[in-house]
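# Examination of the molecular architecture
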Amino acid sequence: MFDNFSTFRITTGGAEIAGVTGGSGPPLLLLHGFPQTHVMWHKIAPTLAQDFTVVAADLRGYGASSKPASDGDHTPHSKREMARDMVQVMSELGHDQFFLCGHDRGGRVAHRLAADHADRVRKLAVLDIAPTREMYRNTTEDFAHAYWHWFWLTLPAPLPERMIEADPDAFLTYKCGHGFAGLAPFSKAAWQVYLAAIRDPATVHAMCEDYRAAATIDMIHDDADEGRKLDMPLLALWGVHGVIERCFDCLALWRMRAADVRGYALPGGHYLAEECPELVQTELKSFFLEGQSQ
């Protein structure tokens, strides 16, 4: 799925991060969402690699990356720690500054990375998310039903873990298949990677910890940012058939957290990089290379 890419495994201050890198040009870091791995970028990474040095990594707790032990306040799975991993990965690969794009949970890590390490991020793109704190604060009945997992996965361990582990294949199929496009966007090869990952109980626990952190320590970090906005350009893309479009004013919420925001809905659902890859890669290339010398 990643022809002409090389694999890496880099030890950070708190984890071992696995991923792939390839291409040439300015560096671009791609961060995946739940319940996936870096493989979610396989339809667009080879094309992006014609213009960028692409780095696609598994977040700590996901895919082939390590699964750090939990603690009482979920710090090891906070977006701050996940972001620190990625800054260290990019440093190890020789990239002092880089473009950054995250989908779903990866978009939340990307937001924290841009807030904590603004000098490293040239431009930021997020796919099908609004800011975490603002989404929680604007919860409606419609949103709670659509994003039920935001609340269920935060329940104390090991209840969600045991329920997923009872039939991980069924959970993955329901979670990824109940959206606009069903399972059609997922290639057979990518789907097998996602299945292998979620069949690992350590991954299941880490994913739950990711959501527990989002509802607790990540909110503390977000509150500490009050009044401070990201100053790098931010592109928000979301699916016209998805929950973000239906339940939130995506651009208005991002403008509460960033000074230079643009974006719009694409003709897809949640899994944009796999549902409409040509549009996503075109939008990312245009945004990141705008104003750059060719």
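Described below are features of the structure shown in this document. Please read these numbers as outputs of a predicted model, since none were measured by experiment.

Helix and strand content of the chain: 15 helices and eight strands. The globule rule puts the C-alpha radius of gyration for 294 residues at 19 Å, and the 17 Å found for the chain is close to it. Expressed as lengths along the three principal axes of its C-alpha atoms, the size of the chain is roughly 50 × 40 × 40 Å. By the burial criterion, 60% of the 294 residues in the chain qualify as buried.

In this section: the packing of aromatic side chains. Summed over the entire model, instances satisfying the criterion amount to 22 aromatic pairs. Consider the rings of Phe52 and Phe288, whose centres lie 6.1 Å apart with planes at 80 degrees: the pair is edge-to-face. Of this pair, Phe52 sits in the loop between α1 (45-48) and β4 (53-57) while Phe288 sits in helix α15 (residues 277-289), and the two are 236 residues apart along the sequence. What makes Phe288 buried here is its relative accessible area of 0%. Residues Tyr136 and Trp150 carry aromatic rings whose centres are separated by 4.8 Å and whose planes lie at 55 degrees to one another, so their mutual orientation is tilted.

With that out of the way, let us pick up empty space enclosed by the protein. Within the structure shown, the criterion is met by three cavities of 30 Å³ or more. Considering only enclosed or pocket space, the largest cavity measures out at about 100 Å³ in volume. Every residue along the wall of the largest cavity is listed here: Lys79, Arg105, Arg108, His111, Arg112, Thr132, Ala214, Asp218, His221 and Asp222. Elements with a minimum of two residues in the lining of the largest cavity: α3 (105-116) and α11 (217-224). The leading source of residues in the lining of the largest cavity is α3, at four residues. Along the lines of polarity and charge, the residues of the lining of the largest cavity split into one nonpolar, three polar and six charged. If you add up the space inside the second largest cavity, you get close to 40 Å³. Around the second largest cavity, the lining residues are His111, Ala115, Asp225, Arg228, Lys229, Leu230 and Arg257. Across the lining of the second largest cavity, the residue classes break down as two nonpolar, one polar and four charged.

On to α15, then. Spanning 13 residues, α15 covers 18 Å between terminal C-alpha atoms, matching the ideal 18 Å at 1.5 Å per step. Every buried residue of α15 is accounted for by Pro277, Val280, Gln281, Glu283, Leu284, Phe287, Phe288 and Leu289. A positive phi of about 80 degrees marks Gly291, the residue just after α15.

Let us look at the sheet that holds strand β1 (residues 6-11). If you trace the eight strands from one edge of the open sheet to the other, you get β1-β2-β4-β3-β5-β6-β7-β8, paired in mixed fashion. The open sheet terminates on both sides in strands that have one partner only, identified here as β1 and β8 (261-266). For this sheet, the mean angle separating the axes of adjacent strands, direction not counted, is 20 degrees. Its contacts with the sheet place helix α2 (residues 79-92) against β1, β2 (16-23), β3 (27-31), β4 and β5 (98-103), and it is angled at close to 145 degrees to β3. Across the face of the sheet, α15 comes into contact with β3, β5, β6 (121-127), β7 (234-239) and β8 while running at roughly 155 degrees to β6.

Next up on the list: the layout of surface pockets. Volume-wise, the largest pocket comes out at about 300 Å³. Lining the largest pocket are 21 residues, and of these Tyr147, His178, Gly179, Val243 and His270 lie nearest its centre. Listing elements by their share of the lining of the largest pocket, those giving two or more residues are α6 (149-152), α8 (168-177) and α12 (243-247). Each residue belonging to the lining of the largest pocket can be placed in one class, and the counts come to eight nonpolar, eight polar and five charged.

Taken as a whole and judged by the stated rule, the model has zero disulfides. Cysteine Cys247 remains unbridged, with the sulfur of Cys250 as its closest cysteine sulfur at 12 Å.

The next point concerns the environment of Arg60. Turning to its location among the elements, Arg60 is positioned in the loop between β4 and α2. On the accessibility criterion, Arg60 (3% relative accessible area) is buried. Among the polar contacts made by the side chain of Arg60, one reaches the main-chain carbonyl oxygen of Pro76 at a distance of 2.7 Å.

Most of β6 sits out of view: six of its seven residues are buried. Where β5 lies against β6, five bridges are found, and the strand directions are parallel. Counterpart to Leu100 in the pairing with β6 is Leu124. Both β6 and β7 contribute to a ladder of four bridges, which runs parallel. Considered in β7, the bridge of Leu124 is made with Leu234.

Conventions adopted
- Residues numbered from 1 in each chain as written.
- Predicted model: local features only at pLDDT ≥ 70, side-chain atom pairs only at ≥ 80, totals over all residues.
- Heavy atoms only, no water.
- Helix = DSSP H or I, 4+ residues; strand = E, 2+ residues; numbered from the N terminus.
- Rg over C-alpha atoms; globule rule 2.2 N^0.38 Å.
- Buried < 20%, exposed > 50% of the residue type's maximum accessible area, 1.4 Å probe, protein only.
- Phe/Tyr/Trp six-rings, centres within 6.5 Å; stacked < 30°, edge-to-face > 60°.
- 1 Å grid on protein atoms, 1.4 Å probe; cavity = no way out; pocket = protein on both sides within 12 Å on 5 of 7 lines; lining within 4 Å.
- Points joined across faces, edges and corners; volume = space filled by probe spheres on them.
- Nonpolar A, V, L, I, M, F, W, Y, C, P; charged D, E, K, R; others polar.
- Expected span 1.5 Å × (residues − 1).
- Pairing = 2+ DSSP bridges.
- Axes fitted to C-alpha atoms, helices over the stretch in contact; angles between N-to-C directions.
- Contact = heavy atoms within 4.5 Å.
- Disulfide = S-S within 2.5 Å.
- Polar contact = N/O pair within 3.5 Å; in protein donor to acceptor, adjacent residues only side chain to side chain.

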